Amino acid sequence: MQIRFKAALAAAIGAMLLAAPSAFAQGVTIHGSHAGMKCETCHAGQTQKAAPSQKTCLKCHGSYEALAKKTAKPGEKFNPHDSHMGRIECTQCHSMHATSHYICRDCHAIPDRKFKGE
Ligand code: HEC
Ligand code: HEC
Ligand code: HEC
Ligand code: HEC
């Protein structure tokens, strides 16, 4: 009896997964402005999907200098895109499928910055 119930449950879950949109079936959601993008836009050329390189992000986002202008705040010397950390990989802070992490705060007691799109 219990075994038959488990089999029915497994079948029901299987059917739900088949009916779900592809992004869900593949276990990922994309945050914010990138939500409608094709997986290949960021993952082209990868045999196994992993964080794309900075080059991929900068194709659309220009340069670290351009980003630094956007996130400069008058009176605040801590700019995530302009610091002694240099031009590190974007994905050290930005996540596209999970939660972003403002790594500067790991060492500095500074105000948090809200990530757009999350
Ligand atoms: C095909 C172009 C494209 C690529 C590739 C791309 N982005 Fe974007 N991104 C956009 C657009 C368009 C926006 C919305 C307008 C803006 O904020 O510049 C955006 C917005 C953002 C935002 C603001 C939050 C939001 O959701 O609006 C962040 C942060 C961001 N992108 C980071 C990244 C990172 C990191 C990568 C690489 C992993 C990346 N982007 C790759 C086009 C792109
Ligand atoms: C040290 C962490 C860190 C790194 C590395 C980083 N970012 Fe950001 N980024 C942030 C934070 C924090 C914000 C939100 C700050 C704010 O809006 O004041 C942000 C905001 C942005 C925005 C939105 C800007 C706006 O106001 O419209 C974009 C786009 C973006 N980042 C893209 C990138 C890209 C592309 C890279 C790599 C070239 C990158 N970031 C590297 C922390 C980082
Ligand atoms: C805007 C760029 C972007 C798009 C579009 C995108 N990804 Fe990603 N993907 C990333 C980044 C950045 C990572 C590194 C982990 C993270 O940021 O959450 C990643 C990591 C992954 C991983 C590795 C597991 C993990 O979370 O680390 C998988 C699997 C994945 N992506 C699948 C997909 C699928 C499927 C799609 C299309 C539905 C997609 N991605 C679209 C940027 C993107
Ligand atoms: C691994 C720890 C660590 C991380 C991560 C880190 N910093 Fe620092 N930072 C330091 C140390 C150590 C100093 C020098 C001592 C000091 O002045 O606090 C410093 C100094 C600075 C200063 C000059 C200090 C002042 O008060 O004038 C700025 C601005 C700064 N960091 C910004 C950043 C930003 C922005 C990020 C993220 C992109 C970042 N740091 C990430 C350790 C770190």
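The protein is annotated in an unreviewed UniProt entry as Tetrahaem cytochrome domain-containing protein of Mesosutterella multiformis.

**With respect to the overall build of the protein**
Summing up its helical and strand segments, the protein has five helices and zero strands in all. Its helices and strands in sequence order give the protein the pattern α-α-α-α-α, from N to C terminus.

**Observations regarding the site of ligand 3**
Around ligand 3, 19 residues are found, and the nearest of them are Cys39, Cys42, Lys49, Ala51 and Ser95. Among the elements that line the shell around ligand 3, the one with the most residues is helix H3 (residues 39-43), at four residues. Here the residues of the shell around ligand 3 sort into 11 nonpolar, seven polar and one charged. Structurally, the shell around ligand 3 is a two-domain feature, drawing no fewer than three residues from each of domain 1 (1-30) and domain 2 (33-118).

**What to know about the environment of Thr99**
Within the secondary structure layout, Thr99 lies in the segment after helix H5 (64-71). Accessibility expressed as a C-beta count within 10 Å gives 8 for Thr99, which makes it exposed. The spacing of Thr99 and Glu118 is 19 residues in sequence and 7.8 Å in space, taken between C-alpha atoms.

**Focus: the environment of Glu65**
Here Glu65 lies in helix H5. For the pair formed by Glu65 and Arg87, sequence separation is 22 residues and the distance between their alpha carbons is 9.7 Å.

**Describing the confidence of the model for the protein**
The share of residues in the protein with pLDDT of 70 or more is 78%, and the mean pLDDT across the chain is 85. Between residues 14-25, whose pLDDT stays under 50, and residues either more than four places distant or in other chains, the model counts five contacts.

**Description of the environment of Thr56**
Inspection of the secondary structure assignment puts Thr56 in helix H4 (residues 54-61). Taking the C-alpha atoms as reference points, Thr56 and Cys42, 14 residues apart in sequence, are found 6.5 Å from one another.

Rules of the game
- Residues numbered from 1 in each chain as written.
- Chains lettered and ligands numbered in written order.
- Predicted model: local features only at pLDDT ≥ 70, side-chain atom pairs only at ≥ 80, totals over all residues.
- Helix = DSSP H or I, 4+ residues; strand = E, 2+ residues; numbered from the N terminus.
- Near = placed C-beta within 6 Å.
- Nonpolar A, V, L, I, M, F, W, Y, C, P; charged D, E, K, R; others polar.
- Domains from an automatic or database assignment.
- Buried ≥ 20, exposed ≤ 12 C-beta atoms within 10 Å, placed from the backbone.
- pLDDT = per-residue confidence, 0-100.
- Contact = placed C-beta atoms within 7 Å.

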